[in-house]
Amino acid sequence: MKHRRPALAATLALVLAGCSGSGSGSPEKGLGDPAKKDIAMRLVSSAENSTLDWKAQYGYIEDIGDGRGYTAGIIGFCSGTGDLLKVVERYTAKRPGNALGEFLPALRAVNGGDSHEGLGGAFTKAWAKAAADPVFRSSQDAERDRAYFDPAVGRAEADGLGALGQFIYYDAYVMHGYADAEGTVGFRTMRARAVAETEPPSEGGDEEAYLNAFLDARVAALREEPSHRDTSRVETAQRVFVRQGKLWLETPLVWKVYGESFRIDAG
């Protein structure tokens, strides 16, 4: 994931039900609503790829020097963290004989580090070329949802959060992962720190106060990570939406991230 750029059964039930906060026609829809999910993807892409056009990023791949090997695709799957491997495994199961499949042994070997051994230019070219295949794109979508989007949104819904809180959790999952790893602070620890400060809405707490507590925990986490010191992803974007009371990601949305300005209008 790029720097540039509880009750488990209940959580899963919320995800599968696609809960959204209110009925059709209301602005109070969660990220289970396709339009709100698209907004979330554009917000993530503004930080990950410096563009709102997230659908153009399936073929993106480079090593950004963060110690996680290659960063690639729509949310920055990494060869060093295992999620890029999962994408290729998923793709190969659906499209046997694809050009990326031959790199599976090398991807398994480099998982956990930043090595390019057995990959290199042949791999990056194969990744970029595969982006033209709808099966490869759907494989990225499915791994994004399984590992990041669904668990983040489900946990946010269980905490009583609207679309903004769901996005804030999702972005933290994308950038930091769920659990702590060497040199990183994961979503689980951020949430624990936030809950220690302020109750979430599901426990009677104020939503804006809780979101600010979570963002405080995330800023502290960013400052602990050598590859993620810039806090603008929080302070000039997500914190702005909280301050404006846009708890359901009501458009227009105007923000900055890493010094660049972005805007999403209605429609």
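J.: I'd like a rundown of helix α9 (residues 207-224), residues and numbers included.
T.: With 18 residues, α9 extends 26 Å from end C-alpha to end C-alpha; this agrees with the ideal 26 Å at 1.5 Å per step. Every buried residue belonging to α9 is among Glu207, Tyr210, Leu211, Ala213, Phe214, Leu215, Ala217, Arg218, Val219, Ala221 and Leu222, and all of these are buried. Check the buried side of α9 and you find it contacts α7 (163-176), α8 (187-197) and α10 (232-243). At the N-terminal end of α9, a side-chain oxygen is found 3.2 Å from the backbone nitrogen of Glu208, two or three residues along, and the residue is Asp206.

J.: Can you lay out unusual backbone geometry for me, pointing to particular residues and giving the numbers?
T.: A negative phi angle characterises most non-glycine residues, just as the trans form characterises most peptide bonds. Residue Pro252 is reached from Thr251 by a cis peptide bond, and omega for that bond is 5°. Of note, Pro252 is situated in the loop between α10 and β4 (253-257). Positive phi outside glycine occurs at Ser50, with the angle close to 60°. Examined against the element boundaries, Ser50 turns out to sit in the loop between α2 (34-48) and β1 (61-63).

J.: Can you break down the nonpolar core residue by residue, with the values?
T.: Residues Phe123, Trp127, Phe167, Tyr170, Phe214 and Leu249 are the most contacted members of the largest nonpolar core, which totals 76 residues. No other element matches α7, which puts 10 residues into this core. Apart from residues no more than four positions distant in its own chain, Phe214 is found in contact with Ile168, Tyr169, Ala172, Phe187, Met190, Arg191 and Ala194.

J.: Just give me the short version of the packing of aromatic side chains, but keep the residues and values in it.
T.: Within the structure shown, the criterion is met by 15 aromatic pairs. Their ring planes at 45° and their centres at 5.0 Å tell us that Tyr169 and Phe214 sit as a pair that is tilted. Of this pair, Tyr169 sits in helix α7 while Phe214 sits in helix α9, and the two are 45 residues apart along the sequence. Using a relative accessible area of 0% as the deciding quantity, one classes Phe214 as buried. Ring pairing ties together the aromatic residues Tyr70, Tyr91, Phe103, Phe123, Trp127 and Phe136, which thus form one cluster. Taking the ring centre of Phe149 as reference, the NZ or CZ of Lys37 above it sits at 4.4 Å.

J.: Tell me about the pairing of β4, residues and numbers included.
T.: What you see with β4 is a clean split: Leu253, Trp255 and Val257 sit on the buried side and Val254 and Lys256 on the side with no burial. Examined bridge by bridge, β4 and strand β5 (residues 260-264) share five bridges and lie antiparallel to one another. Paired with Lys256 across the two strands is Ser261, which belongs to β5. Following β4, the chain reverses through two residues before pairing antiparallel with β5; Tyr258 in that reversal takes a positive phi of roughly 50°.

J.: Describe the packing of α7 against α8, and please don't skip the residues or the numbers.
T.: Packing of α7 against α8 leaves a shortest axis separation of 9 Å and a crossing angle of 140°. In terms of their interaxial angle, α7 and α8 are classed as oblique. Across from Tyr169, Ala172, Tyr173 and His176 in α7, the residues of α8 making contact are Phe187, Met190 and Arg191. Looking at the contact of α7 with α8, its residues break down into five nonpolar, one polar and one charged.

J.: So, the pattern of salt bridges: which residues are in play, and what are the values?
T.: A full pass over the atoms with the stated rule returns 18 salt bridges. One salt bridge in this structure joins Lys37 and Asp145, with 3.1 Å as the shortest N-O distance. Highlighted residues: Lys37 in helix α2 and Asp145 in helix α6 (residues 134-158), separated in sequence by 108 residues. Its relative accessible area of 17% is what places Asp145 among the buried residues. Its salt-bridge partner being Arg108, residue Glu89 comes within 3.2 Å of it at the nearest N-O pair. With Glu89 in helix α3 (residues 83-94) and Arg108 in helix α4 (residues 104-110), this residue pair connects regions lying 19 residues apart in the sequence. Salt bridges sharing common partners tie together Lys37, Asp141, Arg144 and Asp145.

J.: Tell me about α10, and please be specific about residues and values.
T.: Burial of α10 is extensive: nine of the 12 residues sit out of reach of the surface. Regarding α10, the residues found buried are Ser232, Arg233, Val234, Ala237, Gln238, Arg239, Val240, Phe241 and Val242. Those residues of α10 that are buried are in contact with α2, α7, α9 and β4. Downstream of α10 by one or two residues, Gly245 has phi in the positive range, about 75°.

J.: Could you give an account of the sheet that holds strand β3 (residues 77-78), naming the residues involved and the relevant values?
T.: Strand order in the open sheet formed by three strands is β1-β2-β3, and the pairing between neighbours is antiparallel. Strand pairing shows two members of the sheet lacking a second neighbour, β1 and β3, which therefore form its edges. With two bridges connecting them, strand β2 (residues 70-72) and β3 associate as antiparallel partners. Directly across from Ala72, in β3, lies its bridge partner Phe77. The sheet strands contacting helix α5 (residues 120-130) are β1 and β2, and the helix crosses β2 at an angle near 5°.

Calculation criteria
Residues numbered from 1 in each chain as written. Predicted model: local features only at pLDDT ≥ 70, side-chain atom pairs only at ≥ 80, totals over all residues. Heavy atoms only, no water. Helix = DSSP H or I, 4+ residues; strand = E, 2+ residues; numbered from the N terminus. Expected span 1.5 Å × (residues − 1). Buried < 20%, exposed > 50% of the residue type's maximum accessible area, 1.4 Å probe, protein only. Contact = heavy atoms within 4.5 Å. Polar contact = N/O pair within 3.5 Å; in protein donor to acceptor, adjacent residues only side chain to side chain. Core = buried A, V, L, I, M, F, W, Y, C linked by side-chain atoms within 4.5 Å. Phe/Tyr/Trp six-rings, centres within 6.5 Å; stacked < 30°, edge-to-face > 60°. Lys NZ or Arg CZ within 6 Å of the ring centre and 35° of its normal. Pairing = 2+ DSSP bridges. Axes fitted to C-alpha atoms, helices over the stretch in contact; angles between N-to-C directions. Parallel < 35°, antiparallel > 145°, perpendicular 65-115°, else oblique. Nonpolar A, V, L, I, M, F, W, Y, C, P; charged D, E, K, R; others polar. Salt bridge = Lys/Arg side-chain N within 4 Å of Asp/Glu carboxyl O.

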